[in-house]
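# Topology and contacts: notes
Listed below, chain by chain, are the residues.
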Amino acid sequence: MSKITLDGFFSYCKQIAEHIQLGEKMASLSGQSTPKLTSGVGNLYYDSILPYREEASPQTREFLARVVDVLLDFIQKVNDRNEKILEFKMPEDMQKQLDLALPEDPLPLKQLLEDCKTTLKHQVKTGHPHFFNQLSCGLDIISLAGEWLTAAANTNMFTYEIAPVFILMENVVLMKMREMIGWRSGDSILAPGGSVSNLYAFLAARHHKFPQYKEKGLTSIPGHLVMFTSDQCHYSVKSCASVCGLGTDYCVCVPSDERGRMIPTELERLVRYHRDRGHVPFFVNATSGTTVLGAFDPLMEIADICQKYDMWMHVDAAWGGGLLFSKKYRHPRLTGIERADSVTWNPHKLMGTLLQCSTVHFKYEGILLSCNAMSAEYLFMTDKIYDPRYDTGDKVIQCGRHNDIFKLWLQWRGKGTSGFERLMDRLMELTEYMVRRIREQSDKFYLILEPEMVNVSFWYLPKQLRGLPHDKNKEVKLGKVCAKLKGRMMQAGTIMVGYQPDDRRPNFFRNIISSAAVTEKDVDFLLSEIDRLGHDIIVD
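Cut-offs and rules
- Residues numbered from 1 in each chain as written.
- Predicted model: local features only at pLDDT ≥ 70, side-chain atom pairs only at ≥ 80, totals over all residues.
- Heavy atoms only, no water.
- Helix = DSSP H or I, 4+ residues; strand = E, 2+ residues; numbered from the N terminus.
- Rg over C-alpha atoms; globule rule 2.2 N^0.38 Å.
- Buried < 20%, exposed > 50% of the residue type's maximum accessible area, 1.4 Å probe, protein only.
- Axes fitted to C-alpha atoms, helices over the stretch in contact; angles between N-to-C directions.
- Left-handed = near helix turned anticlockwise from the far one by under 90°.
- Contact = heavy atoms within 4.5 Å.
- Expected span 1.5 Å × (residues − 1).
- 1 Å grid on protein atoms, 1.4 Å probe; cavity = no way out; pocket = protein on both sides within 12 Å on 5 of 7 lines; lining within 4 Å.
- Points joined across faces, edges and corners; volume = space filled by probe spheres on them.
- Nonpolar A, V, L, I, M, F, W, Y, C, P; charged D, E, K, R; others polar.
- Pairing = 2+ DSSP bridges.
- Patch = residues over 30% accessible without salt bridge, like charges linked within 9 Å, V, L, I, M, F, W, Y side chains within 5 Å.
- Areas by Shrake-Rupley, 256 points an atom, 1.4 Å probe, with all protein chains shown as cover.
- Salt bridge = Lys/Arg side-chain N within 4 Å of Asp/Glu carboxyl O.
- Polar contact = N/O pair within 3.5 Å; in protein donor to acceptor, adjacent residues only side chain to side chain.

### Focus on the overall build of the protein chain
Helices and strands together make up the secondary structure of the protein chain, namely 16 helices and twelve strands. Computed over its C-alpha atoms, the radius of gyration of the protein chain comes to 26 Å, within 12% of the 24 Å expected for a compact globule of 540 residues. Along the longest, intermediate and shortest principal axes, the C-alpha atoms of the protein chain span 80 × 75 × 45 Å. In the protein chain, buried positions account for 53% of the 540 residues.

Spelled out as structure tokens, the structure:
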């Protein structure tokens, strides 16, 4: 895939402003100017621009050019390390400051532009280099350009006739992703998030083993279905059992080891236990990159067990799938993923594609259509002038589907496969750097475990707790520190890091490095700012 530059994109934005001959330059990327509409346009209403007035192209261009200015100013602030991540306000105070009322009569364009400014002013800058809070961080400019075009195209992805270019793009990208998993053929779809991707895998697994279920329902199954997943999995896996009629009691949580990885011997023991009681073990979810610890389940051993007991193997690599690009870090983490029957992989996480962009892949060609098709004749006619196999709407349960492909396709064209590999390696190297820095400051920070991915789990030790023996009582106090320190982070607005408990320990910090903007200096700033904000915390 060839590389592209941003020159043409920003040049086009500039041409818009010049075309309407306002006698003013585009808003400065320094963020010092405030985009405004001329009075002649600012006092207009929605029905004075396109598509209501065909001759209103200049006025429409001016309005959109000023919106672009607002967006470019925000992008600059997102990448300015001197800017705060947020100006935190309590919900009731935020509600008082904002005018969110829906008016009976229309408001002028100048007010709508102010609404855009106000919205971004109070938005958390998730692309900021000091935002380490979520799995999805960063603001990829190429992907952003793709999202803007996607919004302008405003099409649905259910048929080739209304989304021809995007359908073909989707086929190319998804085939490439299946090849990276290790399959020569198969089936794939973009879904609205990893949770729905996992749901599609569950439905396909049930259909594959019991094809009569689609028409006959529960009567086609000779016993109660049971699915298995690790106790560290994403909650959406358990949700599948609830949504699809198994019941959460029949989503069996397999114990994990101290690093958060499923224990294969425990999986086999539980499979035998349920099989011996007349249940039907049919589905195993293995996680490649758990949400909290970033752990990778041992795929080869799990695949052996699935093969032995004739169970569908799904790999939830929503988080860790990006490491498939990396020759250095793919193995042993993802060794054996090619043996899976289905894989969830979210480009909007480690790859940095803008939200949302989630994919699910299957080893078996045509399984999505076989499982989900309802053959609605008003939409999916078989006598179209083109091959109806290009229509994707009948492959999914949702019918209408947002265009999530263009921003990924454009980003991939811009980075190339090698660029994604460099990004994955860089994120992992920054994580290794952070681990080293934590170890160098062991009086202030306690590393909970050596990370397999970009999740760094640690405690911060305020002065009150330094030098004390590390025991369960101290861990309880360290857990209390997390909540207090996170509150101070929010009030200061300088950094954001998430915290949570797990089944082995109280609250601890989980730092995520998934933004291409992060450097070693940002990691150093993070640790020093944590110490500045938290050194004097006192807990009971």
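### Here's the deal with the packing of helix α6 (residues 141-153) against helix α14 (residues 406-440)
Contact geometry of α6 with α14 gives a least axis separation of 8 Å together with a crossing angle of 145°. As for how α6 packs across α14, the hand of that crossing is right-handed. Together, I142, S143, A145, G146, E147, L149 and T150 of α6 and F406, K407, L410 and Q411 of α14 make up the contact between the two elements.

### As for helix α8 (residues 194-209)
When the terminal C-alpha atoms of α8 are compared, their 23 Å separation across 16 residues agrees well with the 22 Å that a helix rising 1.5 Å per residue should span. The buried fraction of α8 is high, at twelve of 16 residues. Along α8, the residues classified as buried are G194, S197, N198, L199, Y200, A201, F202, L203, A204, A205, R206 and H207.

### What about the environment of V67?
Within the secondary structure, V67 is located in helix α3 (residues 57-78). Separated by 50 residues in sequence, V67 and K117 place their C-alpha atoms 8.7 Å apart.

### Some thoughts on the layout of surface pockets
Computed from the structure, the largest pocket encloses a volume of approximately 850 Å³. D187, R389, Y390, D391 and K395 are, among the 28 residues lining the largest pocket, the residues nearest its centre. For the lining of the largest pocket, the secondary-structure elements that each account for two or more residues are α7 (164-181) and β2 (187-191). Ranked by the residues each element gives to the lining of the largest pocket, the list is headed by α7, at six residues. Grouping the amino acids of the lining of the largest pocket by side-chain chemistry returns nine nonpolar, eight polar and eleven charged.

### Structural notes on the sheet that holds strand β7 (residues 342-345)
Strands pair in a sheet through their backbones, by hydrogen bonds, and they do so in one of two ways: parallel or antiparallel. Spatially, β2-β8-β7-β6-β5-β3-β4 is the arrangement adopted by the seven strands of the open sheet, whose pairing is mixed. Single-partner strands in this sheet number two, and they are β2 and β4 (251-254). The average angle at which neighbouring strand axes cross in this sheet is 20°, direction not considered. Sheet topology note: the strand β5 (residues 280-287)/strand β6 (residues 312-316) ladder contains five bridges and is parallel. Looking at the pairing, A286 lines up with V315 of β6. Most of the contacts of helix α10 (residues 235-243) go to strand β3 (residues 225-230), to which it runs at about 170°, and overall it touches β3, β4 and β5.

### A short note on a nonpolar patch on the surface
On the surface, a nonpolar cluster with roughly 340 Å² of combined accessible area is contributed by Y45, Y46 and Y52. In this fold, Y52 is placed in the loop between α2 (39-42) and α3.

### A closer look at the environment of S143
For S143, the position within the fold is in helix α6. Judged by relative accessible area, which is 0%, S143 ranks as buried. With 132 residues separating them in the primary sequence, S143 and R275 have C-alpha atoms 47 Å apart. Setting aside residues up to four positions removed in sequence, S143 forms contacts with T353, L354, K407 and Q411. Reaching out from S143, the side chain makes a polar contact with the backbone nitrogen of L354 at a distance of 3.0 Å.

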